[in-house]
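Next come the chains, spelled out residue by residue.
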Amino acid sequence: MPTITTIQDLKDLHERRVPRMFYDYAESGSWTEQTFHENTTDFEKIRLRQRVAVDMTGRSTAGQMIGEDVSMPVALAPVGSTGMQHADGEILAAQAAEAFDVPFTLSTMSICSIEDVAANTSKPFWFQLYAMKDKRFVERVIQRAKDAKCSALVLTLDLQILGQRHKDIKNGLSIPIRPTVPNLIDLATKWRWIAAMAKTKRRQFGNIVGHIDGISDMSSLSIWAAESFDPKLNWDEVKEIKKMWGGPLILKGILDAEDAKMALNVGADAIIVSNHGGRQLDGALSSIRALPAILDAVGDKVEVHMDGGIRSGQDVLKALALGAKGTYIGRAFVHGLGAMGGPGVTKALEIIHKELDTTMALCGETNVADLGRHNLLVPKDFEGQWQSP
């Protein structure tokens, strides 16, 4: 086992141990992948202010996200098909998040079902919802999340139409795996993954198969999923979902100040500045570059979180110092899961926490609540000199 000190180390192991199509599913963006790459590279443009001769004892990274106590303002983002990165992946990730005292968000398109995760954890987790044409399904899955005691609903707004990811098409991504010669050759080298998957019964989308009339296997699911995302989703429907849910609502996929204001108007408890990890609108701004304008638009009237490109505790600090009240990691924890299963997710959280804690101290702060723009050196043109619409 190599010495693991960074998320990149976990990523390297992930790439070696998981079938290529599932690794590429996690580590890819849409079209040219410009936004996917800028989500990470734009963090590098922000510098940190080192401060010295400051008492660094008694440090705390603890905080709150939508009123819930967290050991650090970092949640595990919803990631589809996590259970194909490692057997029972969503359960393992949820357990690691619970032990670390950070939120876990279960995707609608998870392999392990809501009930599976609830049965294997003891604290409430968050559930992410896609708006679907099938309103009966939406009503049922929301009720299932309520029955599982989920403490927040994360409604994703930026997947009304699926962005094209070239790698998925070229890899022939499917569940179960399409038995092409390249896929079979690749699988022959992934014995750890095969051994783990052979021991689990969870190999299909647990929130969908068996919960929709006519969907009993993966072939019927593929037809349903291709046509099910709701292109008619609008703010009135968001209001209806909020009413149906009745609990804390987080809106994910906000990348424009005007949309942030609309989210405020419909009564969102929090918004997530996100471009879907660069997997939808290629050419959109990176999340960290879009964050300041959205904060300027809504101030402290709604809790603003940020998702996209976070690969270190320093990235977390930069987002918090710019004004975000919470952050999300998707690929970072998936790299850990693919590399080492549940312990890998824990390792990813440990890496990010240590980097956040150490960087905070070297910036002269002892509490994440005290982080602010005074801790950063931000380029004058960081938000870009764009022509107004």
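Our structure's up above, just so we're on the same page.
The structure reproduced in this document is the subject of the present report.

Reading guide: rules and limits
- Residues numbered from 1 in each chain as written.
- Predicted model: local features only at pLDDT ≥ 70, side-chain atom pairs only at ≥ 80, totals over all residues.
- Heavy atoms only, no water.
- Helix = DSSP H or I, 4+ residues; strand = E, 2+ residues; numbered from the N terminus.
- Buried < 20%, exposed > 50% of the residue type's maximum accessible area, 1.4 Å probe, protein only.
- Pairing = 2+ DSSP bridges.
- Core = buried A, V, L, I, M, F, W, Y, C linked by side-chain atoms within 4.5 Å.
- Contact = heavy atoms within 4.5 Å.
- Polar contact = N/O pair within 3.5 Å; in protein donor to acceptor, adjacent residues only side chain to side chain.
- Salt bridge = Lys/Arg side-chain N within 4 Å of Asp/Glu carboxyl O.
- Right-handed = clockwise from strand over helix to strand, strands pointing away.
- Axes fitted to C-alpha atoms, helices over the stretch in contact; angles between N-to-C directions.
- 1 Å grid on protein atoms, 1.4 Å probe; cavity = no way out; pocket = protein on both sides within 12 Å on 5 of 7 lines; lining within 4 Å.
- Points joined across faces, edges and corners; volume = space filled by probe spheres on them.
- Nonpolar A, V, L, I, M, F, W, Y, C, P; charged D, E, K, R; others polar.
- Phe/Tyr/Trp six-rings, centres within 6.5 Å; stacked < 30°, edge-to-face > 60°.

**What to know about unusual backbone geometry**
Then, number 1: Although it is not a glycine, Glu33 sits at a positive phi angle of roughly 65°.
Then, number 2: The topology assignment puts Glu33 in the loop between α2 (20-26) and α3 (34-44).
Then, number 3: Classification of Glu33 by relative accessible area gives buried; the value is 11%.
Then, number 4: Its identity is not glycine, yet Asp88 carries a phi of approximately 60°, on the positive side.
Then, number 5: By the element assignment, Asp88 lies in the loop between β4 (74-76) and α4 (89-100).

**Remarks on the pairing of strand β7 (residues 152-156)**
Then, number 1: Among the 5 residues of β7, 5 are classified as buried, and the element is accordingly described as predominantly covered.
Then, number 2: Covered by surrounding structure in β7 are Ala152, Val154 and Thr156 together with Leu153 and Leu155, the residues of both alternating faces.
Then, number 3: Bridge count between strand β6 (residues 126-130) and β7: 5 bridges; the pairing is parallel. When the sheet's bridge partners are listed, Leu129 is paired in β7 with Leu155.

**Quick word on the nonpolar core**
Then, number 1: Formed by 102 residues in total, the largest nonpolar core has its most connected members in Leu76, Leu251 and Ile271.
Then, number 2: The element best represented in this core is helix α16 (residues 342-362), accounting for 7 residues.
Then, number 3: Those residues in contact with Leu251, other than ones at most four positions away along the chain, are Leu155, Leu157, Trp235, Val238, Ala263, Val266, Ala268, Ala270, Ile271 and Ile272.
Then, number 4: Membership of the second largest hydrophobic core comes to 12 residues, among which are Met65, Val70, Ala77 and Ile272.

**Brief notes about the side chain of Thr61**
Then, number 1: In this structure, Thr61 sits in the loop between β1 (47-48) and β2 (63-65).
Then, number 2: Exposure remark for Thr61: the relative accessible area of 5% places this residue in the buried category.
Then, number 3: Within the local environment of Thr61, its side chain forms a polar contact with the backbone oxygen of Ser71, the two atoms lying 2.7 Å apart.
Then, number 4: A polar side-chain atom of Thr61 sits 2.9 Å from a polar atom in the side chain of His353.
Then, number 5: Non-local contacts of Thr61, meaning those with residues more than four positions away in its chain, are made with Ser71, Met72, Pro73, His353, Leu356, Asp357, Met360 and Val368.

**As for the pattern of salt bridges**
Then, number 1: For the coordinates displayed, the defined rule picks out 18 salt bridges.
Then, number 2: Where Glu27 meets Lys11, a salt bridge forms, and the shortest distance between an N and an O atom there is 3.0 Å. Of the two residues, Glu27 sits in the loop between α2 and α3 while Lys11 sits in helix α1 (residues 7-17), which places them 16 residues apart along the sequence.
Then, number 3: When its relative accessible area of 11% is taken as the criterion, Glu27 is described as buried.
Then, number 4: Note that Asp230 and Lys135 form a salt bridge whose closest N and O atoms lie 2.8 Å from each other. Placement of the pair is Asp230 in the loop between α10 (218-226) and α11 (235-245) and Lys135 in helix α6 (residues 135-147), with a sequence separation of 95 residues.
Then, number 5: What emerges from the salt-bridge pattern is a single network uniting Glu15, Arg20 and Asp24.

**Overview of the pairing of strand β10 (residues 303-307)**
Then, number 1: Of all the 5 residues making up β10, 4 are buried; the element is thus mostly covered by neighbouring parts of the structure.
Then, number 2: Considered for its hand, the β-α-β crossover made up of strand β9 (residues 270-273), helix α13 (residues 287-298) and β10 is right-handed.
Then, number 3: The β-α-β motif built from β10, the intervening helix α14 (residues 313-322) and the parallel element strand β11 (residues 326-329) has right-handed crossover chirality.

**Notes on the sheet that holds β4**
Then, number 1: Taken together, 8 strands build an open sheet; the order of strands is β4-β11-β10-β9-β8-β7-β6-β5 and the sheet is parallel. In this open sheet, the two edge strands, each paired with only one partner strand, are β4 and β5 (105-106).
Then, number 2: Docked against the sheet, helix α12 (residues 257-265) engages β8 (249-254) and β9, running at close to 165° with respect to β8.

**Some words on empty space enclosed by the protein**
Then, number 1: For the structure on display, the rule yields 1 cavity of 30 Å³ or more.
Then, number 2: By volume, the largest cavity is sized at about 40 Å³.
Then, number 3: As for the largest cavity, its lining consists of Tyr130, Ala131, Thr156, Leu157, Asp158, Leu159, Gln160, Phe229, Asp230 and Leu233.
Then, number 4: Of the residues in the lining of the largest cavity, the class split is 6 nonpolar, 2 polar and 2 charged.

**Examining the packing of aromatic side chains**
Then, number 1: Across all of its chains, the model carries 3 aromatic pairs by this definition.
Then, number 2: Ring geometry for Phe22 versus Trp193: centroids 5.9 Å apart, planes at 25°, classification stacked. Of this pair, Phe22 sits in helix α2 while Trp193 sits in helix α9 (residues 191-198), and the two are 171 residues apart along the sequence. The pair formed by Phe22 and Trp193 is uniform in burial state, with each residue classed as buried.

In short, the description is geometric, and any link to function would need to be established separately.
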